[in-house]
Each structure stands twice: as C-alpha cells, then as structure tokens.
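Summary of structural features
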Amino acid sequence: MTQPEPRKAAHTDLRGWLNHLSATDRLSVIKPGAALEHELAAIAKRLDGKQAAYFPQPGGHAVPVVSGFMSRRAWIAEAMGVPESELLAAFRNAAAEPIPSKEVPQADAPCQQVVHRDPDVRAILPIPTHSEHDNGPYITAGMVIARNPVTGVQNVSINRIQVHAKDRMAILMLPRHLLAFYKEAEKRGQDLPVAVVIGADPLTLLASQAISPIDSDELEVAGALHGGPLRVVRCLTNGVHVPADAEIVIEGRILHDERVAEGPFGEFPKYYSAREQREVIAVDAITHRRSPIFHTIVPAEMEHLLLGSIPREATLLAHLQRSFPNVLDVHLSIGGVGRYHLYVKLRKTHEGQPKNVILGAFGAHYDIKQVIVVDDDVEVHDTQQVEWAVATRFQADRDLVVISGAQGSALDPSTTLGGAQAGQVAPAHEQGISAKMGLDATRPVKYQEHTFTRVRVPGEDSVDLSAWVDAGRHVDFTATGG
C-alpha cells in the first residue's frame, strides 16, 4: 500500500524563506540605485513569476525592498510544506481549525526593536510609486489589523494605502470586515485603532486573505498554517496585537471625521480606480526590526493575484461542497484576475446540476462574474482544457445562465461605465452593479457510443520515454544512403 508523502516543514520566517529562494536561484539581488518611482516596480514586474527581486538600496534609501516572493502557485505550496495538489485542502483545514495566538512581551518581539514616536513615514520607509498614473507612493503589502469595537476580535486584511503626508495615509476599504469595524467606530464618534504590518512571513501573509466570518482572527489561521501559535505582541500606542516577528509595524487610527482625495491607483483588474475621497490613517508610531526589510507587491502581477485567489479558492470549494459533494475542484483563473472567473470541476450525476452549481458559486462571493462548470476529466487549472470543454460541450441557447443587476466588484471598470460616461462617480451603494454569466460546459450524463468520449492513446501517460529515446544518436538527414 502506498503511503502518503510526509508533509515537509513549513517556511514560517520571512528571512528564512528569502534565503531558501536565494539558495534555489529564485531571488535576484538588484544593483543599488533603482528609483522608488516606477523603476523598482518595472524591474520587479519583469522578474514576476520567475524570481523574487531584492533591492538593497532603492533610490539611495537605507531600508531594502523585496517583491515577488510569493509569485508562483508552486512556491506558495512549497512555503506551506505541501504538494501543489494539496494546497487548497491544507489552507482549508487551517481556516477550519485556527490556533489562538501567543502574546509575548516587547523585549521578545523583533518588530519592536526600534521605535519612532514622532514618525515621518516617507523618511523612515522606502515606499514605491508603482504604476504610471498612480497618485503618489503606495503601501501595497501592508496587513491592516483592527479590533471589532463591539466584540474586540481582530480582523486582518491587505488594503492599498497612499502615503500623502509625514503622518497621514489614505486607505481604501471595500465593503468587508474592516469597513464594518470602521462604521461602528464612526457611529460612536470614535477613531478606529489599527496597525499596518509590513514584512510578514509568507504563511501569515497568505492567512490574511482567508475568507472568514467577521469575528475570526486571521492571525489564528496563520497559527494553524505554522503548526503552532503565532507569536504576537501588543502595539505600543493601542491594543492591537501584531505578529511579533514582522519586519515593520505602523501604529495609528482611522479617523472618524476626516477624508482626503485618494487615487487613481492601478488595481488588480489591471486598470486604474477612480480618485475619490477616502478615510485617513493618522500615524502615531512606527516600530521595526533592526535593519528591516520592506515588502511591496507590484499591483496586478502574480504575487498580488495569487495571494487573493488561493484563499478564495479554498473557501469557494468548501462552500460548494457543502451543497454539492460531487464538486471536486475549483480554480480562479489568472486571466480573470484571480477574482472574477471561476472554473468548477464536477462529477455530474444529474442533468441541470451544473446550473445549480453556477448559482451556488454566485452566492458564495460577490466578486465572481463568470462561472464555467466542466466534467471531472477536465483539469480546471489548465485554461486550455477549460476552453476545449466550452468549445465542444457548450451551446449558448441551452447552457448559458445570465443574471442582470447583481452586486459585483466595484473595482471592475465595466460595472462603472455609465457613471464614467456621465463624468460622475456613483455613490457607494450603486457601485459594482454587474451581470453574471454561467456556462454549463459538461457533457450529458448519458450519450450514444463515443460521442463525448475523450480521445486518448493507450500508454500516453505511462510510457517511459527514457527507455525509448536514443539520446546519444544523431541522424544526418542530408546523407544519400540508408
């Protein structure tokens, strides 16, 4: 009997993971001097998905910058210590069985080795300007941690943050848990204490994107991915707990009575979001390790897309399997920016079942705009196979599902086209109105003879090429003889 492959040790330390990437030729060290405005992002983008980029002295700044260390699906599985085929199951198990964090004193927290009480964010940290029309420098890999003003339970999310003054930063909050916390604090006439954590280990960064109930602390999901409690420390100026081994922590408050213009900014759909009035973080302190490393995510590239898509896939798979146990796998395609296009692998047992799965997927997350359901002989992580299934098993007049006027992503520019044409920005409650499309690309449960039998050659998957290919032999095709 074949035993399952033992789980390898997870990479629970950022610097250890960077050393591992460097030792396996997956990290490029960039020569000093790359400008923080555009040039750093351009270099990191060219290396995206091939190597992480490490900038020792970007723009002459003493603090180095790293980008792209989670830019391949296989790397993320490797960081978790599991085969790529077990990635979603491992994340799903961690989200289902979180481990409470362990608080440590300041003396044992590397993230508080150096303390700035009256900080100038722009002087202390090397904050890049990424895309051509971005409205200034942005923190793009900052985990924003806040407590529910009602229950005290924390939430972790990654939000884009524009640094526009020495101690002021504008933040985009979508209609999720952080915004709900802020609205509760605002209703009470209070600011919302927060911490922005930059330079977390790869598993904590991944855990921050878990789709969890509102009173679930994603740092506890990080603990489950680590295999033990995550070490956390209390902030110096508020009660938020942050990963003790992080590189940098910005402590502050989202002000209840102040707004500032933020954007445009190049977002994950690979378009710019509009300039709008946003909430403001007032910075109270910055703490960091001695010789810290600043992490930036180049927007809309693989690190950005994968960190968002993999936790969503795990949640969507769990959601669908509760109602449809014969759903086998899901994939949020990179062509659909890791958010909007979902492929579902189904072992179909009844006609009409794929349409039910499509409707279940739309209800699982409002970002989903298109769902394609395929049979269990189609690999959903291979876009070419999915397209083949659509080409040969789908007919629009019987297999298409269209839903108009549903809630979608406010960052999808096609949902705001009407307002853009009128030269106005729609109010928040009207943003993101989207049509949804589902495609049933499955074959009939019963069909005649080999109508839908996939063509295969016996032995194609098992033939040993090394036993047949004569690697040392060359043929001179210009010779006249036999």
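Note that this is a predicted model, so its numbers are computed, not measured.

As a further point, take the layout of surface pockets. When its volume is computed, the second largest pocket comes out at roughly 530 Å³. Along the wall of the second largest pocket there are 31 residues; nearest its centre are A95, I211, S212, P213 and S216. At the level of secondary structure, the elements contributing two or more residues to the lining of the second largest pocket comprise α4 (87-96), α8 (218-226) and α9 (302-323). With seven residues, the single largest contributor to the lining of the second largest pocket is α9. Of the residues contributing to the lining of the second largest pocket, the split by class is 15 nonpolar, nine polar and seven charged.

With that settled, the discussion passes to the pattern of salt bridges. Enumeration according to the criterion identifies 32 salt bridges in this entry. The salt bridge partner of E267 is R160, with a shortest N-O separation of 3.1 Å. Of the two residues, E267 is situated in the loop between β15 (265-266) and β16 (272-273) and R160 in the loop between β8 (154-158) and β9 (161-165); the sequence distance between them amounts to 107 residues. You'll find E267 and R160 in the same group, each marked buried. With a shortest N-O distance of 3.3 Å, D191 and R253 are connected by a salt bridge. One end of the pair, D191, is in the loop between α6 (177-187) and β11 (192-198); the other, R253, is in strand β14 (residues 248-262), and 62 residues separate them in sequence. Here R253 falls in the partly exposed class, since its relative accessible area comes to 29%. Connected through shared salt-bridge partners, R160, E262, E267, E276 and R278 make up one network.

The domain architecture assigned to the protein consists of domain 1 (83-293) and domain 2 (324-418 + 429-447). Taking the mean C-alpha position of each, domain 1 and domain 2 sit 32 Å from one another. Facing 13 residues of domain 1, the contacting portion of domain 2 comprises twelve residues. Summed over both partners, the interface of domain 1 with domain 2 buries about 1000 Å², with 68% contributed by carbon and sulfur atoms. Its largest share of buried area at the contact with domain 2, domain 1 owes to R176, F268 and P269, together 48% of the area lost on that side. At the boundary of domain 1 and domain 2, one finds one salt bridge. D367 serves as the salt-bridge partner of R176, at 3.3 Å between the closest nitrogen and oxygen. The tally of links from domain 1 across to domain 2 stands at two residue pairs in polar contact (both at pLDDT 80 or more). Taken together, the residues of the side of domain 1 that touches domain 2 sort by class into eight nonpolar, one polar and four charged.

Here the focus is the packing of aromatic side chains. If you walk through the whole model with that rule in mind, you get three aromatic pairs. Ring geometry for Y447 versus F452: centroids 5.7 Å apart, planes at 70 degrees, classification edge-to-face. A cation over a ring is seen here: R339 above F268, with NZ or CZ 4.6 Å from the ring centre. Here the basic side chain of R454 rests over the ring of W388, its NZ or CZ set 4.5 Å away from the ring centre.

Of all hydrophobic cores here, the largest spans 73 residues; its most connected members are F69, M80, V242, V327, L342, V344 and V371. Among the elements that line this core, the one with the most residues is α9, at seven residues. Taken domain by domain, the makeup of this core includes at least three residues from each of domain 1 (83-293) and domain 2 (324-418 + 429-447). When near neighbours in sequence (up to four residues on either side) are disregarded, V242 contacts C111, I145, A195, V197, R231, V232, V233, C235 and V249. Within the second largest apolar cluster, 40 residues are counted, among which are I171, L179, I248 and V283.

Where helix α1 (residues 14-23) contacts helix α3 (residues 73-80), the two axes come as close as 12 Å, and the packing angle between them is 125 degrees. Relative to α3, the element α1 is oriented oblique. By crossing handedness, the relation of α1 to α3 is classed as right-handed. Here W17, H20 and L21 of α1 come into contact with α3, specifically with W75, E78 and A79. Here the residues of the contact of α1 with α3 sort into four nonpolar, one polar and one charged.

The strand order across the open sheet built from three strands is β4-β12-β13, with neighbouring strands paired in mixed fashion. Edge positions in the sheet fall to β4 (102-103) and β13 (241-243), since each has one partner strand and no second. Relative to β13, strand β12 (residues 231-234) is paired through three bridges, and the arrangement is antiparallel. Counterpart to R234 in the pairing with β13 is H241.

The next thing to look at is the packing of α4 against α9. Contact pair α4 / α9: the axes reach a minimum separation of 9 Å and the direction vectors enclose 80 degrees. Relative to α9, the element α4 lies roughly perpendicular. On the side of α4, the interface is formed by L87, L88, F91 and R92, while α9 contributes I310, P311, E313, A314, L317, A318 and Q321. Residue composition of the contact of α4 with α9, grouped by class: eight nonpolar, one polar and two charged.

Basis of the calculations
Residues numbered from 1 in each chain as written. Predicted model: local features only at pLDDT ≥ 70, side-chain atom pairs only at ≥ 80, totals over all residues. Heavy atoms only, no water. 1 Å grid on protein atoms, 1.4 Å probe; cavity = no way out; pocket = protein on both sides within 12 Å on 5 of 7 lines; lining within 4 Å. Points joined across faces, edges and corners; volume = space filled by probe spheres on them. Helix = DSSP H or I, 4+ residues; strand = E, 2+ residues; numbered from the N terminus. Nonpolar A, V, L, I, M, F, W, Y, C, P; charged D, E, K, R; others polar. Salt bridge = Lys/Arg side-chain N within 4 Å of Asp/Glu carboxyl O. Buried < 20%, exposed > 50% of the residue type's maximum accessible area, 1.4 Å probe, protein only. Domains from an automatic or database assignment. Contact = heavy atoms within 4.5 Å. Buried area = accessible area lost by both parts, 1.4 Å probe. Polar contact = N/O pair within 3.5 Å; in protein donor to acceptor, adjacent residues only side chain to side chain. Phe/Tyr/Trp six-rings, centres within 6.5 Å; stacked < 30°, edge-to-face > 60°. Lys NZ or Arg CZ within 6 Å of the ring centre and 35° of its normal. Core = buried A, V, L, I, M, F, W, Y, C linked by side-chain atoms within 4.5 Å. Axes fitted to C-alpha atoms, helices over the stretch in contact; angles between N-to-C directions. Parallel < 35°, antiparallel > 145°, perpendicular 65-115°, else oblique. Left-handed = near helix turned anticlockwise from the far one by under 90°. Pairing = 2+ DSSP bridges.

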